[in-house]
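Residue strings, one per chain:
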Amino acid sequence: MNPQKVRNGPNFMQQVNKKKHVDCALSSNSDSSDDEVEEIVAVKKDVQKQRFSVSAEAYGQFNKKENFKAKFIPKSKEQSERIKQRMQAGFMFSALNEKEIEIVVGAMEEKIFHKSEYVIKQGEEGNVLYVVDTGELDCFKNYGKGDVFLKTYYPGESFGELALLFQSPRAASIIVKSDQAILWQLDRETFNLIVKEASIKKRQQFETFLENWDLLKEIKDPYDKLKMSDALFEKQFKKGDVILQQGQKSTEIFILEQGRVSVNKNNQKLFELVKFGDYFGDQSIVAGTVESFSYVAEEDMKVMYIPKKSYSSTLKEIESTLMKNIQIKYGKYI
């Protein structure tokens, strides 16, 4: 299959010729490198039409949402809190308000699978999505010449939503890797009426930021930015919170969204990060060293972040630029 040219549109979710794009959710937090799969081509045809139909469907269901009564499956308080904790790590659920979170938690159903058991199979109809509570699961895609391993799913990650978003068959298979996996299953109706609309809005917000982020200007392929939008998460900090401590190793690259961050060394303030898109925590992840500075919230603030385990599938291709920027930003202070 020959790669085709892609046209840049207002959103990145267009036809894409690149590796690892399947029903295995793009919110990949895997440590695997892009070298693991040399030629994986998954072209999404007419994706702009699909996106429109997704949005239109969500809009058309607005009135239904008012009268919607989600299924409710009783759970212990411990189970409910565990589900909420897992949801916090998921891109799709980050835009839900408290009431919507309660509805989704109530509708989730526990499912237990065992080693080598299929959770979903490529080509089957998809009516549910899954959130991983415990265990590990492997994702495989068959391109006609046998199964190709794509990634491993860990607790807190979710999969299966693309089949619901695009009303398409499962594009890959998920098999239990560990002795046992406990998953939380969410039905299509609850997803469509509660999660989908918020998920689309949050994705579009992230895509808009990434499209205009100066750091990514050398990345020309829209797919490479698309997969970053699914690896982004949000956190909030209060004034005075120490976000990163000097001498620690960061597990995230933080991107300033709102507020101000002071950069300190040996308890002395050096300068502030104030610009939307300023980032920090890169020293640990890119250079592999401990942080030379502490980062403290100067006011109530919000950041986006990319987990360390998503670095290889997102920002690693511009690693030389990141290394250069470390010297530019911090060289005279180190």
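Here is a short report on the structure shown in this document. Every value quoted in this text rests on a predicted model; they were computed, and no experiment measured them. (Residues numbered from 1 in each chain as written. Predicted model: local features only at pLDDT ≥ 70, side-chain atom pairs only at ≥ 80, totals over all residues. Heavy atoms only, no water.)

### Brief notes about the packing of helix 4 (residues 98-107) against helix 6 (residues 188-212)
Between helix 4 and helix 6, the shortest axis-to-axis distance is 10 Å and the interhelical angle comes to 160 degrees. Here helix 4 is positioned roughly antiparallel relative to helix 6, judged by the angle of their axes. As helix 4 runs across helix 6, the sense of the crossing is left-handed. Two secondary-structure elements touch here, helix 4 through E100, I103, V104 and A107 and helix 6 through T190, I194 and V195. When grouped by side-chain class, the residues that make up the contact of helix 4 with helix 6 number 5 nonpolar, 1 polar and 1 charged. (Axes fitted to C-alpha atoms, helices over the stretch in contact; angles between N-to-C directions. Helix = DSSP H or I, 4+ residues; strand = E, 2+ residues; numbered from the N terminus. Parallel < 35°, antiparallel > 145°, perpendicular 65-115°, else oblique. Left-handed = near helix turned anticlockwise from the far one by under 90°. Contact = heavy atoms within 4.5 Å. Nonpolar A, V, L, I, M, F, W, Y, C, P; charged D, E, K, R; others polar.)

### Thoughts on the pattern of salt bridges
Any two side chains of opposite charge can pair, so long as their charged atoms come close to each other. Tallied over the entire structure, the rule returns 17 salt bridges. Of the charged contacts in the structure, one is a salt bridge between E157 and K151, with a shortest N-O distance of 2.7 Å. Comparing E157 with K151, the two get one shared label, buried. What emerges from the salt-bridge pattern is a single network uniting R260, K269, E272, E298 and E299. (Salt bridge = Lys/Arg side-chain N within 4 Å of Asp/Glu carboxyl O. Buried < 20%, exposed > 50% of the residue type's maximum accessible area, 1.4 Å probe, protein only.)

### A closer look at the sheet that holds strand 3 (residues 128-134)
Within the open sheet, the 4 strands sit side by side as 1-8-3-6. Their pairing is antiparallel. Here the strands that pair on one side only, and so sit at the sheet edges, are strand 1 (109-114) and strand 6 (158-159). Contacting strand 1, strand 3 and strand 8 (180-187), helix 3 (residues 77-88) crosses the sheet at an angle of about 105 degrees to strand 3. (Pairing = 2+ DSSP bridges.)

### Considering the sheet that holds strand 14 (residues 279-280)
Taken together, 4 strands build an open sheet; the order of strands is 9-16-11-14 and the sheet is antiparallel. Edge positions in the sheet fall to strand 9 (233-237) and strand 14, since each has one partner strand and no second. In terms of strand pairing, strand 9 meets strand 16 (residues 301-307) through 5 bridges, oriented antiparallel. Looking at the pairing, K235 lines up with V303 of strand 16.

### Overview of unusual backbone geometry
Positioned with a positive phi, N266 is a non-glycine residue whose angle comes to about 55 degrees. With respect to the helices and strands, the residue N266 is situated in the loop between strand 12 (261-265) and strand 13 (268-273).

### Observations concerning helix 6
With 25 residues, helix 6 should cover 36 Å at 1.5 Å per step; its first-to-last C-alpha distance of 33 Å lies within 8% of that length. Of the residues flanking the start of helix 6, the one acting as N-cap is D187, its side-chain oxygen 3.3 Å from the backbone nitrogen of E189. (Expected span 1.5 Å × (residues − 1). Polar contact = N/O pair within 3.5 Å; in protein donor to acceptor, adjacent residues only side chain to side chain.)

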